[in-house]
Amino acid sequence: MAQQLYPFDAFSVRELNLQLMKKIGYSIKSKSDCAKLSDLIFKEGLGLISQSTLYRILLYDKVHKPFYNTLTIITQFLGYIDWEDFCRTIHSKKEFNYRNGVLANVQLEKSLLYHCIQSESYKPLEALFNTINLAEQEAKDSITLALYDSLLFTSNTMSFFNYFGNNTFVRESFFEYGVDPSFRIANYDEGFKIYLRNYNPNKSVLDMQSFIFGNCVLFRHYYITGDWDKAVVLGQTLYNKTLLSENEIDTIYIFPRLRYLSLKLVYLKLVNATSLLLEDYVYYLIDYAKTQYISLTYVERRILFYNLGDVFLMAKVDKIYHDQLKAIFKNEFALFPDGLLHKPLAKVLPYFEPNGLLQHRPAQ
């Protein structure tokens, strides 16, 4: 056997998990997840890796030293030539992040990007953000994640939000793709208000889309944190002042569209709508899922299920409607661990999670 060029370590295992999550759509967290992955690998004709072996590798048992061939089979499932090809790729990405100050090296506790934010040295960051717009998506994702990590620990987030509120990369990659529904960054809601200043819903479909997205993010946050007054004001903005026709709704990208349609149920409950009106709207959402399902891609179906499921839990919708929703997506459940279809909606929902940031920084 050829000498292994790269070690089996925490970094490589973390990258392996991330790429597997992107391929199969959910994080490997349990033995049943590993059993399903074993089945998927076998069905692609790559050989059999047992559930227990995958569990020891992917949940990183330091004592366990997997065979090179086992690691190669897993990486071939991801489209690589072998384990060394996978390692060369991920270490190249790591070097890119070091060169651009995205990651701290072994001598530094914080990245250069963090120190620029903390000291309000924004010109170098502005140059980086303007350059990164021309880069590949993977590079953008690395910068976005590093930006999130840096703002999580910096003391002057408002200064950053005010300075970069109109920056294309910050708006599109940080606030949109990298949105954190858990609002873990200080003044995150104020940052979203600055983000929203750039969009006039009457100007264009794209502006309307961003306007809907930002206000839905804030509305959901204020509702789940019990800030009812702010939630009602935003709900009125979304559902009383901003009147969209069915054609206009269909032109909006599926994630903000589904956030907009599903969160109306929460708004109706917030303003004490009658039980009949609430039930009618639940029926509307289930019918909408049925009619939309056939024309959607796998990723779009996950977005559809997640948004409706999330709101059904928030609005405490009767379990009978949970089951009706799950029944529409029985083909998607076939890709998940056995028995998941019959588990409570709260246990199911993480398998459909479409959020880009939460794939890397799960909420506690």
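Since we're looking at a predicted model, the values are computed, not measured.

Draft legend 1. Focus on the overall build of the protein. The number of helices and strands found in the protein is 21 helices and zero strands. The C-alpha radius of gyration of the protein comes to 22 Å, within 12% of the 21 Å expected for a compact globule of 364 residues. The buried share among the 364 residues of the protein stands at 51%. Excluding contacts between residues fewer than 6 apart, the proportion of contacts in the protein whose partners are at least 24 apart in sequence is 65%. Looking at the protein as shown, the accessible area adds up to about 18100 Å², and 54% of this sits on carbon and sulfur atoms.

Draft legend 2. Region of the structure containing the packing of aromatic side chains. Considering all chains together, one arrives at 41 aromatic pairs under this definition. Where F160 meets F164, the ring centres are 4.8 Å apart and the plane angle is 40°; that geometry is what we call tilted. Residue F160 and its partner F164 are both found in helix 9 (residues 157-164); the two are separated by four residues, about one turn of the helix. Like F160, the residue F164 is buried in the burial classification. Between F183 and Y188 the ring centres are 4.8 Å apart and the planes differ by 85°, which places this aromatic pair in the edge-to-face class.

About the thresholds
Residues numbered from 1 in each chain as written. Predicted model: local features only at pLDDT ≥ 70, side-chain atom pairs only at ≥ 80, totals over all residues. Heavy atoms only, no water. Helix = DSSP H or I, 4+ residues; strand = E, 2+ residues; numbered from the N terminus. Rg over C-alpha atoms; globule rule 2.2 N^0.38 Å. Buried < 20%, exposed > 50% of the residue type's maximum accessible area, 1.4 Å probe, protein only. Contact = heavy atoms within 4.5 Å. Areas by Shrake-Rupley, 256 points an atom, 1.4 Å probe, with all protein chains shown as cover. Phe/Tyr/Trp six-rings, centres within 6.5 Å; stacked < 30°, edge-to-face > 60°.

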